[in-house]
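Residue strings, one per chain:
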Amino acid sequence: MNVLKVSRFTIVAFILPCTLIYFGIVFVPILVSLYSGLLEWNGIGQSSFVGLENFRNLFFQDPVFWPSVRRTLMFAVFSMAEIPLALMVAIFLRRYIRKPNFLVSSYFMPVILSVVIIGQLWKTIYNPAAMGGMLNQILETVGLESWTRSWLTEPKVAMFALYFVALWQYLGYHTLIQFTGISNIPAEIYEAARIDGAEGFKADRYITFPMIIPIFKISIVLAFIGSLQAFDMVMVMTGGGPAHATDVISTHMYNMSFLSMKYGYGSSIAAVLVVVCLIATVIINFIFNKLEKRFS
Amino acid sequence: MVKTSKLLSLVLATTLLLSLAACGGNAKTKENTGSANSGSTNATEKPAEKVEDKKVTITFQNIYPDPTDPKNQIMKKLVDQYHTDHPNITIELDSLNTDQQKLKLKTQAASKEVPDITIVNPAAQMKPFVDAKLFAPLNDMLDQNGLKATFQEGLLDFYSFDGNTYALPDGNNIAVVYYNKELFEQAGVKVPTTYEEMLEVVKTLKSKGITPISIGEKDSWTGSFLFMNMLLRTNGGPGFLQDVVDKKKTFEDPAFTEAVDAFQSLVAAGAFQEGATSFDYNAGENLFKTGKSAMYFMGTWATGGIETSSVNGKVGVFKFPTINGKGDPNEFMLAPGSAFAISADSEHLQETKDFLNYFMLNFPKEAFEAKGAVGVGQIVDGDFAAAGYSDMAMEVLGLFKEVKGGDLAFDNTMNPGTAQIHLNSIQNLFVQKIDSAEVGKEHQAAYEDNNK
């Protein structure tokens, strides 16, 4: 520290405000929420302390919780599986398009649209043909009547219809991140590689992939956490229905806290969500640290 | 570089100044409210002088955000009038749509910051708030200026607990079936008087390519409302849920399973529009209002909206028919409206009560003039036909006179935990066939689980 020639007091003085704010708006609410997870409380009146009762019910009795966890994890798997695709799009854009910026911005468009607009848009696309649903009308015109469904209301397909919208929305986002990552790889490396005879896929294999790993990791973490928190889109499009068929952890939490007025129980779901997020982040970091070591 | 840093410091300095100013401002308002408080204690001793110069702000949270809604216009008119009469009082409107308001109130209630006037739903839905002592009893205020006598008899019971009335309703509605006369004629069907006839009507309409009934089942209370009307019939009268609460019946009772079966037969006949569970309340209602569906089951509060839509003039109403010969068509689903409550911790309790008293006294008269008096919970003086109310409105008003009692909606009777499971269970009936005994069992388990 002495190297910096700054007194400890100054360091503390400068770090303190941020630390305080960070603790105040991140850690304290998490702790409060953990505590309310131990209460039986409707959010308004008196609360009573019930210990781990909420968690016991959640893990062993709630018929909605585990399926919603499964759907959330599926959501995460799909979003992460999308990222290699985004990377591929980014590589192609870099290599074959002379002025790719316009395309990248266009792909990015859905991200800046409000989720409510996207939800309404896709609801109309998924509607039954009689209500002007585009997807079903297209299927009918090409002679695939048997494929038509009411996409958002059949319990078995509704969730996949939602996954697809999320993938559609965030493809551009991850493409942009990967694209920026690729653009930051110095051109000299590729030139040197070309002299050594590595072009096209070979150059990707030995240069782009290893050098993009940190960026790739950012995308994966963002996709994972984003899908764990998926809430707004589900709320707008199906509201978790029909009959819980599209409930994810966060909508279940919302329903419990605010509609069933079991605030304590809702908080215990939130606590589980936080823990899952933390564990997942640690695992992802661990895997990528290994990967980075192997390639560098 | 020098220039930039100068600019930067200027910006920073301004921000600092602004934030200081903001702090100062806050402190001042606090002082003001403080003196206002002490003012009110003084006011009891020397009322006349103090009241006049005291500046009072009342927050009025409401669910009339839509400027084309007659209720919004009535509210603004009355508030403006009150401002003119009482220059020292400012009424701040916090207009939200229903769902936002529910959520906001719950959040505010959790931190005990309920606005001076807010909106709650009757019976079981407002009970948690009353239990938490968040609302002020309004008995004294109801006696002022004879306000109590303006309400329909028995209506205030839905808002009273242990002899205290905590909220004043803006309406009192019943559930009816609206039908499109033109589409009925096209399909050659008549208004059904039994449930079996209704199923036939549904099938005929369907075969003619007309959506028989539209519903906004994404908001799951809509389906539950219809289902509860069926239960009201199969139970041979009102009070099924009360019997469950009193442990005289369970949800596995034949009356309940019969209602589930009846409901499923309606779904199986293709009565509802495709994808009904993804339509929210407004989208469902719009299908009827644009003439795309032949029937619409809803509370009479929908009358005003239908009158201003393109199907106006073609719409009639009928009572929900008997099922297997059971039930009385003159028993309706009753929907005592959302109601105004006053925060128990209001800083200006007396002023708020005075304002609400004024508001409720003038509400029926203004509503009548704004053609919004169908389903108002207070006694309205005036000749509806002469005032130009539509035939449909007159028909609805006619039905009101025939009401011989009925039931409240499920979520007004049962606690929220049970209600949510019920709502989801009924929504499920729209998308898959389930054994009615299973549905009964699920309900009973949910009820026992939530009433330990």
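Residue indices begin from 1 for each chain and proceed along its sequence in written order. Just so you know, chain letters begin at A and ligand numbers begin at 1, following the order they were written in. Per-residue local features of the predicted model are confined to residues with pLDDT of at least 70, and side-chain atom pairs are confined, for both listing and counting, to 80 or more; whole-chain, interface and lining totals are unaffected and use all residues.

A closer look at the overall build of chain A
The test is simple: In DSSP terms, a helix is any run of H or I states spanning at least four residues, a strand is any run of E spanning at least two, and both are numbered starting from the N terminus. Here exposure depends only on C-beta density: within 10 Å of a residue's C-beta, 20 or more other C-beta atoms make it buried, 12 or fewer make it exposed, and intermediate numbers make it partly exposed, the C-beta atoms being placed from the backbone. A pair of residues counts as a contact when their C-beta atoms, built from backbone coordinates, are within 7 Å of each other.
Summing up its helical and strand segments, chain A has twelve helices and two strands in all. With the principal axes as the frame, chain A shows a C-alpha extent of 75 × 75 × 30 Å. Burial statistics for chain A: of 296 residues in total, 34% are counted as buried. In chain A, once contacts between residues fewer than 6 apart in sequence are set aside, the share between residues at least 24 apart is 68%.

Observations concerning the pairing of strand 12 (residues 339-342) of chain B
All names here are of chain B. So the rule is basically this: In short, DSSP must find at least two bridges between two strands for them to pair.
By the alternation rule, side chains of strand 12 split into Ala339 and Ala341 and Phe340 and Ile342, which are all buried. Strand direction decides the pairing type here: strand 6 (residues 167-169) and strand 12, joined by three bridges, are antiparallel. Looking at strand 12, one finds that Ala167 is bridged to Ala341.

A word on the confidence of the model for chain B
Residue and element names in this part refer to chain B. So the rule is basically this: Note: pLDDT gives the predictor's confidence per residue, expressed from 0 to 100.
Mean pLDDT for chain B: 84, with 88% of residues reaching 70 or above. When pLDDT is averaged over each element of chain B, strand 8 (residues 211-214) comes out on top at 94 and helix 1 (residues 2-45) at the bottom at 43. Counted against residues more than four places away or in other chains, residues 14-51, with its pLDDT under 50, gives ten contacts. Predicted complex, confidence summary: ipTM 0.79, pTM 0.80.

Thoughts on the domain arrangement of chain B
Residue and element names in this part refer to chain B. Put simply, the rule reads: Here the limits of each domain have been adopted from an automatic or database domain assignment.
If you check the domain split of chain B, you get domain 1 (56-170 + 337-382) and domain 2 (173-336 + 388-450). Summarising the inter-unit geometry, the C-alpha centres of domain 1 and domain 2 are found 29 Å apart. Contact with domain 1, which involves 15 residues of that partner, is made by 17 residues of domain 2.

What to know about the interface of chain A and chain B
A common way to state how big an interface is: give the accessible area lost once the parts meet. Note the threshold: Residues are grouped as follows: Ala, Val, Leu, Ile, Met, Phe, Trp, Tyr, Cys and Pro are nonpolar; Asp, Glu, Lys and Arg are charged; every other residue, Gly included, is polar.
Contact residues are listed per partner, giving 26 residues for chain A and 23 residues for chain B. Sorting elements by how many residues they give to the side of chain A that touches chain B places helix 11 (residues 249-259) of chain A first, with three residues. In terms of residue class, the side of chain A that touches chain B is made up of eleven nonpolar, twelve polar and three charged.

Here's the deal with the confidence of the model for chain A
It should be kept in mind that the predicted coordinates are not to be read in detail where pLDDT is low. Model confidence for chain A is summarised by a mean pLDDT of 87, while 98% of its residues fall at 70 or above. Per-element averaging of pLDDT across chain A places strand 2 (residues 48-49) of chain A at the bottom with 85 and helix 7 (residues 155-183) of chain A at the top with 91.

Considering helix 17 (residues 416-431) of chain B
The following threshold applies: One less than the residue count of a helix, multiplied by 1.5 Å, gives the span that helix is expected to have.
For helix 17 of chain B, with 16 residues, the first-to-last C-alpha span of 23 Å sits near the 22 Å given by 1.5 Å per residue. Burial runs high along helix 17 of chain B: 16 of the 16 residues are buried.

Regarding the pairing of strand 2 (residues 89-95) of chain B
Residue and element names in this part refer to chain B. Put simply, the rule is: By convention a crossover is right-handed if, when the strands point away from the viewer, the path from the first strand over the helix to the second runs clockwise.
With seven bridges connecting them, strand 1 (residues 56-62) and strand 2 associate as parallel partners. Pairing of Gln61 across the sheet is with Asp94, part of strand 2. Each parallel crossover has a hand, and the one from strand 1 via helix 3 (residues 70-85) to strand 2 is right-handed.

Looking at the UniProt feature "transmembrane region" (unreviewed entry) in chain A
Residue and element names in this part refer to chain A. Quick note on the threshold: UniProt positions are given in the numbering used here, feature names are shortened, and annotations may be inferred rather than shown by experiment.
Here, the residues flagged by UniProt with the feature "transmembrane region" (unreviewed entry) are residues 12-32, 73-93, 102-122, 157-176, 211-231 and 263-288. A helix fraction of 90% and a strand fraction of 0% characterise residues 102-122, whose end C-alpha atoms lie 24 Å from each other. With 100% helix and 0% strand, the stretch residues 263-288 has end C-alpha atoms that lie 37 Å from each other.

Quick look at the UniProt feature "domain: ABC transmembrane type-1" (unreviewed entry) in chain A
The positions UniProt marks with the feature "domain: ABC transmembrane type-1" (unreviewed entry) are residues 72-284 of chain A. In residues 72-284 of chain A, the share of helix is 76% and the share of strand is 0%. The end C-alpha atoms are 17 Å apart.

As for the nonpolar core
All names here are of chain B. So the rule is basically this: Think of a nonpolar core as buried Ala, Val, Leu, Ile, Met, Phe, Trp, Tyr and Cys residues, each tied to the set through C-beta atoms within 7 Å.
Residues Ala167, Tyr178 and Met333 are the most contacted members of the largest nonpolar core, which totals 172 residues. Structurally, this core is a two-domain feature, drawing no fewer than three residues from each of domain 1 (56-170 + 337-382) and domain 2 (173-336 + 388-450). Not counting residues up to four positions away in its chain, the partners in contact with Ala167 are Val120, Met126, Phe135, Tyr159, Ala339, Phe340 and Ala341.

Notes on the packing of helix 17 of chain B against helix 18 (residues 436-450) of chain B
Residue and element names in this part refer to chain B. Filter applied, for reference: Angles shown run from 0 to 180 degrees and are taken between the N-to-C directions of axes, each axis being a line fitted to C-alpha atoms and, for helices, limited to the stretch in contact. Working rule for angles: under 35 degrees goes down as roughly parallel, over 145 as roughly antiparallel, 65 to 115 as roughly perpendicular, anything else as oblique. For any helix crossing, the convention is left-handed if the near helix is rotated counterclockwise from the far helix by under a right angle, and right-handed if that rotation is clockwise.
It is at 8 Å that the axes of helix 17 and helix 18 come closest, and there the two elements cross at 165°. On the basis of the axis angle, helix 17 is roughly antiparallel to helix 18. Helix-helix and strand crossings are classified by hand; for helix 17 and helix 18 the assignment is right-handed. On the side of helix 17, the interface is formed by Gly417, Thr418, Ile421, His422 and Ser425, while helix 18 contributes Val439, Glu442, His443, Ala446, Tyr447 and Asn450. Tallied by class, residues from the contact of helix 17 with helix 18 come to four nonpolar, six polar and one charged.

Here we look at helix 12 (residues 281-289) of chain B
The periodicity of an α-helix, 3.6 residues per turn, causes residues three or four places apart in sequence to face the same way. All names here are of chain B. Residues of helix 12 that are buried: Gly284, Glu285, Leu287, Phe288 and Lys289. Taken together, the buried residues of helix 12 touch strand 7 (172-180), strand 8, helix 9 (221-234), strand 9 (293-299) and helix 13 (303-307). With its phi angle positive at about 75°, Gly291 sits one or two positions after the end of helix 12.

Describing the environment of Asp435 of chain B
With respect to the element layout, Asp435 of chain B can be found in the loop between helix 17 and helix 18. Judged by the 12 C-beta atoms lying within 10 Å of it, Asp435 of chain B falls in the exposed class.

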